[in-house]
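Coordinates in review
Listed here are the chains, written in short residue letters.
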Amino acid sequence: MKKSFPNIRMRRLRANNPIRNLVRENNLFKYDLIQPIFIIDGKNKIEKITSMPNIYRMSIDIAIKEIKALHKIGLQGVALFPCISERNKDNNGSESYNADGLMQKAISHIKKAVKDIAIISDVALDPYTKHGQDGILDSKKNIVNDETIEILVKQALSHAEAGADIVAPSDMMDGRIKAIRSSLEKNSFFDTKILSYAVKYSSNFYGPFRDAVKSSKNIGTANKDTYQMDYGNESESIREVELDLSEGADIIMVKPGMPYLDIIKKINDQFNVPIFAYQVSGEYAMIKAVSQKNWLDEKKIVMESLLSMKRAGANAILTYFAKDVLAWLK
Ligand code: PBG
């Protein structure tokens, strides 16, 4: 008689599609996706972004059409980013809290036009400052923390007033979650959620985004190393999350996505809190570039890269591919 060897064959559970589908541990679901949208002033306007093929800056009316169509196929959330004209920028980003500003108008119009979608608004000064930094500068060009927070609080409040469901501070100043939370409470915005970019690395993958919001020239050769995290650090991410949760954050963002799966996993292991991951503009641009050369299959690597973030522990993912993935999942 033939020896019964081996006892366990791992390949049994990989034998065919139904078996693989039944034993799969993680899946990508249409409700996992958030589409970032770049907003510009005007009517019926749409602009290409060279470093982000198939992503556009859109006027509010066009954005509403796009969001309605995506909502029909399952989109649950949009993350809004403004691209304002150079003449509205100053050193203090004061346009950021203009009640009639582009973001505030976008939030309130989208809120009115599309029922049942979460509007996530970016809270940071970089699209509004002449120098392209997320904070304001002193005479020695240091980014001053506490003075910046005063502006961020006004900005976040103006977004809540316009109807934002989730305000998302992406600036990495210290103590801003506490200040924003207490101002929301004071103004009776008890249900406005704070998605804190608690773990945001000073990454080289943000370049195309800075083209999209037209802050590349403003920041020039400067960098954001004095406030965004050093990408050599891991444990520091735990301190950042602990702090922001204690200050009143509801959801934690880890950014970028694929180069930081270890960080998503670590935070998921240590905290009971929803985690969003951001597949950032540079990750998008890389996948687009290899796909255009036909060196990799776009659809397949997009699905694999997004599932890797789910597997690491992300509850939802901000990705410029959301619109494509929703169409593919249909
Ligand atoms: C700025 C902000 C950035 C991104 C989101 N909010 C860029 C930066 O910090 O320079 C990057 C998103 C992306 O690259 O897709 N507050």
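Up top is the structure.
First, a word on what this report is: a plain description of the structure on this page. None of these values were measured; they are calculated from a predicted model.

A rise of 1.5 Å per residue sets the reference length of helix α11 (residues 298-312), with its 15 residues, at 21 Å; its end C-alpha atoms lie 21 Å apart and thus fit the reference within 8%. Within the span of α11, buried status applies to Ile 301, Val 302, Ser 305, Leu 306, Ser 308, Met 309, Lys 310 and Ala 312. As for α11, its buried residues are in contact with β1 (33-40), α9 (261-270), β11 (275-279), α10 (281-292), β12 (316-319) and α12 (322-329). For α11, the side-chain oxygen to backbone nitrogen distance between the N-cap and Lys 299 is 3.1 Å, and the N-cap itself is Asp 297.

All chains considered together, the criterion is met by 2 cavities of 30 Å³ or more. Within this model, the largest cavity holds a volume of roughly 120 Å³. Counting only elements with at least two residues in the lining of the largest cavity, the list comes to β9 (193-200) and α6 (207-212). Its residues assigned to classes, the lining of the largest cavity shows 6 nonpolar, 2 polar and 7 charged. If you add up the space inside the second largest cavity, you get close to 30 Å³. Forming the boundary of the second largest cavity are Tyr 206, Phe 209, Lys 255, Tyr 278, Val 280, Ser 281 and Tyr 320. By residue class, the composition of the lining of the second largest cavity is 5 nonpolar, 1 polar and 1 charged.

Attention shifts here to the pattern of salt bridges. Opposite charge on two side chains permits pairing when their charged atoms draw close. In this structure the tally under the stated criterion is 14 salt bridges. Here Lys 105 and Asp 41 are joined by a salt bridge, their closest N and O atoms 3.9 Å apart. Residue Lys 105 is located in helix α3 (residues 102-113), and its partner Asp 41 is located in the loop between β1 and β2 (46-48); the two are separated by 64 residues in the primary sequence. On the basis of relative accessible area, Asp 41 is assigned to the partly exposed category, the value being 44%.

Turning our attention to the site of the ligand. Around the ligand, the structure places 18 residues, and the nearest of them are Arg 210, Lys 224, Lys 255, Ser 281 and Tyr 320. Measuring from an oxygen atom of the ligand, one finds a side-chain N or O atom of Arg 210 at 2.7 Å. Applying the majority rule of atoms within 2 Å of the grid points places the ligand in the largest cavity. For the shell around the ligand, the class distribution of residues is 8 nonpolar, 3 polar and 7 charged.

Judged by side-chain polarity, Leu 13, Ile 19, Leu 22 and Val 23 come together as a nonpolar surface patch covering roughly 370 Å² of accessible area. Relative to the helices and strands, Leu 22 resides in helix α1 (residues 17-23). Overall, Leu 22 belongs to the exposed group, its relative accessible area being 70%.

Now for the packing of helix α2 (residues 60-72) against α3. Running from amino to carboxyl end, α2 crosses α3 at an angle of 40 degrees, the nearest separation of the two axes being 10 Å. Classified by the interaxial angle, the pair formed by α2 and α3 is oblique. Seen along the crossing, α2 lies across α3 with a hand that is right-handed. Within the contact between the two elements, α2 uses Ile 60, Ile 64, Ile 67 and Lys 68 and α3 uses Leu 102, Lys 105, Ala 106, His 109, Ile 110 and Ala 113. The residue makeup of the contact of α2 with α3, split by class, is 7 nonpolar, 1 polar and 2 charged.

Within β1, 8 of the 8 residues are buried, which leaves it mostly tucked inside the rest of the structure. On β1, burial covers both faces: Leu 33, Gln 35, Ile 37 and Ile 39 on one face and Ile 34, Pro 36, Phe 38 and Ile 40 on the other are all buried. With 2 bridges joining them, β1 and β12 adopt parallel strand pairing. When the sheet's bridge partners are listed, Leu 33 is paired in β12 with Ile 317. Pairing between β1 and strand β4 (residues 77-82): 6 bridges, direction parallel. Bridging from a neighbouring strand, Gln 35 pairs with Val 78 of β4. Relative to strand β3 (residues 56-59), β1 runs parallel, the two sharing 3 bridges. What sits directly across from Ile 40, in β3, is Ser 59.

A few words now on the nonpolar core. Of all hydrophobic cores here, the largest spans 100 residues; its most connected members are Phe 38, Leu 80, Val 199, Ile 267 and Tyr 278. Ranked by the residues each element gives to this core, the list is headed by helix α4 (residues 145-162), at 8 residues. Filtering out sequence-adjacent residues up to four positions away, Phe 38 remains in contact with Ile 49, Met 52, Ile 55, Tyr 56, Arg 57, Met 58, Phe 81, Phe 209, Ala 212, Val 213 and Tyr 320.

What counts and what doesn't
Residues numbered from 1 in each chain as written. Predicted model: local features only at pLDDT ≥ 70, side-chain atom pairs only at ≥ 80, totals over all residues. Heavy atoms only, no water. Helix = DSSP H or I, 4+ residues; strand = E, 2+ residues; numbered from the N terminus. Expected span 1.5 Å × (residues − 1). Buried < 20%, exposed > 50% of the residue type's maximum accessible area, 1.4 Å probe, protein only. Contact = heavy atoms within 4.5 Å. Polar contact = N/O pair within 3.5 Å; in protein donor to acceptor, adjacent residues only side chain to side chain. 1 Å grid on protein atoms, 1.4 Å probe; cavity = no way out; pocket = protein on both sides within 12 Å on 5 of 7 lines; lining within 4 Å. Points joined across faces, edges and corners; volume = space filled by probe spheres on them. Nonpolar A, V, L, I, M, F, W, Y, C, P; charged D, E, K, R; others polar. Salt bridge = Lys/Arg side-chain N within 4 Å of Asp/Glu carboxyl O. Near = heavy atom within 4 Å. Sits in = over half its atoms within 2 Å of the grid points. Patch = residues over 30% accessible without salt bridge, like charges linked within 9 Å, V, L, I, M, F, W, Y side chains within 5 Å. Areas by Shrake-Rupley, 256 points an atom, 1.4 Å probe, with all protein chains shown as cover. Axes fitted to C-alpha atoms, helices over the stretch in contact; angles between N-to-C directions. Parallel < 35°, antiparallel > 145°, perpendicular 65-115°, else oblique. Left-handed = near helix turned anticlockwise from the far one by under 90°. Pairing = 2+ DSSP bridges. Core = buried A, V, L, I, M, F, W, Y, C linked by side-chain atoms within 4.5 Å.

Treat this as a map of the structure, not an account of what it does.
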